[in-house]
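Structural description and commentary
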Amino acid sequence: MSDRDPGAEPIVVGADAPAWRHRHLLDVDVLAADEIDLVMRTADAMKGILARPIAKVPALRGRNVTIIFWEASTRTRVSFEVAAKNLSADVVNIAASTSSVTKGESLVDTIRTVQALGAQMLVMRHGTSGAPYLAAEHFDGHVLNGGDGWHAHPTQALLDLYTMRERLPGGSIAGRKVVILGDILHSRVARSNIWSLTAAGADLWLCGPSTLLRGLDRWGGRAAGFPGHGRFTVTSDVDAALRDADVVMALRIQKERMDSGLLPSLREYTARFGLTLDRLAAAKPDALVMHPGPMNEGVEIDPAVVALDRAVIEDQVTNGVAVRMALLYLLAGVHGAEGAHDAA
Ligand code: NCD
């Protein structure tokens with residue numbers, strides 16, 4: 001260990017890194033391939049920081065990061081908080097359930113209020129698709145989407161991508177068969193992953209009961225013009241989906257967002273689509289198993305699958321901190337400033 005203050009080591013991303021052009025992070029669909037690559041490289045640098053004896057740098061010192069979640073969360077909320085604190089930001093946490101939201105305050109009024117209280121970066125989760133886009137129109141700083149309705153969960157998609165790049169032999173996703181299995185219909189995780197994984201050239205398969213795949217072909221059609229357009233397959237044939245897969249990502253059945261009649265019962269779902277060792281045997285022998293959490297073990301994924309060494313679910317959580325540090329850092333505009341470190 002050097003005798004220098006470990007917090008004083010600069011964040012090194014590479015001189016050839018492209019510039020970061022975005023004020024907000026609302027979804028991954030606006031990120032070009034080189035920008036996704038910049039996030040990955042910056043997250044590598046952040047992982048280096050996380051490995052230091054004191055995992056803290058002054059990059060966001062004096063900046064107010066306000067986190068407000070209108071929906072339940074453990075890992076996303078806490079990892080944003082840890083990420084912001086590792087960058088020395090001042091973190092303000094608001095649970096919508098104990099805020100004036102319960103007294104009928106609107107989203108826009110809440111956004112204006114937190115801004116008046118000093119928020120410069122706003123991390124938010126909301127049950128309504130599009131809510132962070134509305135917030136971004138009324139907020140002078142930076143908005144980071146921690147999940148909106150069924151629509152998008154960009155930081156999850158980026159941490160998933162990071163974890164695949166880290167754990168797949170050769171580090172490349174191009175041509176790899178990636179299966180997302182479960183409640184695709186209600187999943188903002190799946191929607192954001194569709195953009196980032198097809199952009200990375202994955203052979204993407206979306207699999208689940210047909211009632212939970214509704215509209216996806218049409219959605220794919222609307223994605224025309226996006227680099228990965230047309231490269232995903234939608235099927236209810238779980239054996240065909242899992243055959244020779246390199247990565248299998250199971251998703252929770254989102255009962256809280258579900259109309260009645262979409263699934264006969266959870267038991268039936270588990271019997272037909274649950275990720276068991278037997279089903280996983282069709283995939284490549286070293287196929288990675290992923291899950292964004294929270295898991296309902298014994299429903300969409302069997303505990304024996306979770307226990308496998310190649311289940312990288314906790315890596316996803318750890319990498320979430322590094323990727324969120326990278327995004328806060330990039331959005332804050334520190335990257336590219338003269339002497340990135342001095343700018344802190
Ligand atoms: C997911 C979410 O909230 O979208 N979880 C997460 O953020 N890691 C998925 C879910 O709720 O099932």
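Throughout what follows, the structure given in this document is the object of discussion. (Residues numbered from 1 in each chain as written. Predicted model: local features only at pLDDT ≥ 70, side-chain atom pairs only at ≥ 80, totals over all residues. Heavy atoms only, no water.)

Attention now moves to the site of the ligand. Near the ligand, the surroundings consist of Arg-75, Thr-76, Arg-125, His-153, Gln-156, Arg-188, Val-189, Arg-252, Gln-254, Pro-292, Gly-293 and Pro-294. The side chain of Thr-76 places a nitrogen or oxygen atom 3.0 Å from an oxygen atom of the ligand. Separating an oxygen atom of the ligand from a side-chain N or O atom of Arg-252 is a distance of 2.7 Å. Protein burial of the ligand: of its 320 Å² of free accessible surface, 94% is covered by the chains. The pocket occupied by the ligand, as judged from atoms lying within 2 Å of grid points, is the largest pocket. When contributions to the shell around the ligand are tallied by element, the ones reaching two or more residues are helix H2 (75-86) and helix H6 (188-199). Across the shell around the ligand, the residue classes break down as 3 nonpolar, 5 polar and 4 charged. Mapped onto the domain boundaries, the shell around the ligand takes at least three residues apiece from domain 1 (28-153 + 319-335) and domain 2 (154-313). (Near = heavy atom within 4 Å. Polar contact = N/O pair within 3.5 Å; in protein donor to acceptor, adjacent residues only side chain to side chain. Areas by Shrake-Rupley, 256 points an atom, 1.4 Å probe, with all protein chains shown as cover. 1 Å grid on protein atoms, 1.4 Å probe; cavity = no way out; pocket = protein on both sides within 12 Å on 5 of 7 lines; lining within 4 Å. Sits in = over half its atoms within 2 Å of the grid points. Helix = DSSP H or I, 4+ residues; strand = E, 2+ residues; numbered from the N terminus. Nonpolar A, V, L, I, M, F, W, Y, C, P; charged D, E, K, R; others polar. Domains from an automatic or database assignment.)

Under the definition given, this model contains 1 aromatic pair. Centroid distance Tyr-269 to Phe-273: 5.6 Å. Interplanar angle 20°. Geometry classified as stacked. Note that Tyr-269 and Phe-273 are positioned in helix H9 (residues 266-273) at a spacing of 4 residues, about one turn of the helix. For Tyr-269, a relative accessible area of 2% translates into the label buried. The side chain of Lys-177 reaches across the aromatic face of Trp-205, ending 4.0 Å from its centre. One residue, Arg-324, lies across the ring of Phe-80, its end atom 5.0 Å from the ring centre. (Phe/Tyr/Trp six-rings, centres within 6.5 Å; stacked < 30°, edge-to-face > 60°. Buried < 20%, exposed > 50% of the residue type's maximum accessible area, 1.4 Å probe, protein only. Lys NZ or Arg CZ within 6 Å of the ring centre and 35° of its normal.)

Across a sheet, paired strands are connected by hydrogen bonds in the backbone, their directions being either parallel or antiparallel. Spatial ordering of the open sheet is given by E7-E6-E5-E8-E9, a layout of 5 strands whose pairing is parallel. In this open sheet, the two strands that pair with only one neighbour each are strand E7 (232-235) and strand E9 (288-290). Ignoring strand direction, the axes of neighbouring strands in this sheet form an average angle of 20°. (Pairing = 2+ DSSP bridges. Axes fitted to C-alpha atoms, helices over the stretch in contact; angles between N-to-C directions.)

What follows covers the sheet that holds strand E1 (residues 64-69). In spatial order, the strands read E2-E1-E3-E4; together these 4 strands make up an open sheet with parallel pairing. Two strands close off the open sheet at either side, each with one partner strand: strand E2 (90-95) and strand E4 (142-148). Here the average twist between neighbouring strands, direction ignored, is 15°. Note: E1 against strand E3 (residues 121-126), 5 bridges, orientation parallel. Within E3, the residue paired with Phe-69 across the bridge is Arg-125. Running over the sheet, helix H12 (residues 313-331) touches E1, E3 and E4 and is turned about 150° from E4. (Contact = heavy atoms within 4.5 Å.)

Moving on: the pattern of salt bridges. Scanning the model with the defined rule gives 12 salt bridges in all. Across the pair Glu-71 and Arg-257 runs a salt bridge, and its minimum N-O distance is 2.9 Å. With Glu-71 in the loop between E1 and H2 and Arg-257 in the loop between strand E8 (247-250) and H9, the pair connects residues that are 186 residues apart, well separated along the chain. Grouping residues by exposure puts Glu-71 and Arg-257 together as buried. (Salt bridge = Lys/Arg side-chain N within 4 Å of Asp/Glu carboxyl O.)

What follows is about the environment of Trp-70. Considering the arrangement of structural elements, one finds Trp-70 in the loop between E1 and H2. Expressed as a C-alpha distance, the spacing of Trp-70 and Arg-125, which sit 55 residues apart in the sequence, is 5.8 Å. What Trp-70 contacts, discounting residues up to four positions off in sequence, is Ala-96, Val-101, Leu-107, Thr-110, Met-124, Arg-125 and His-126.

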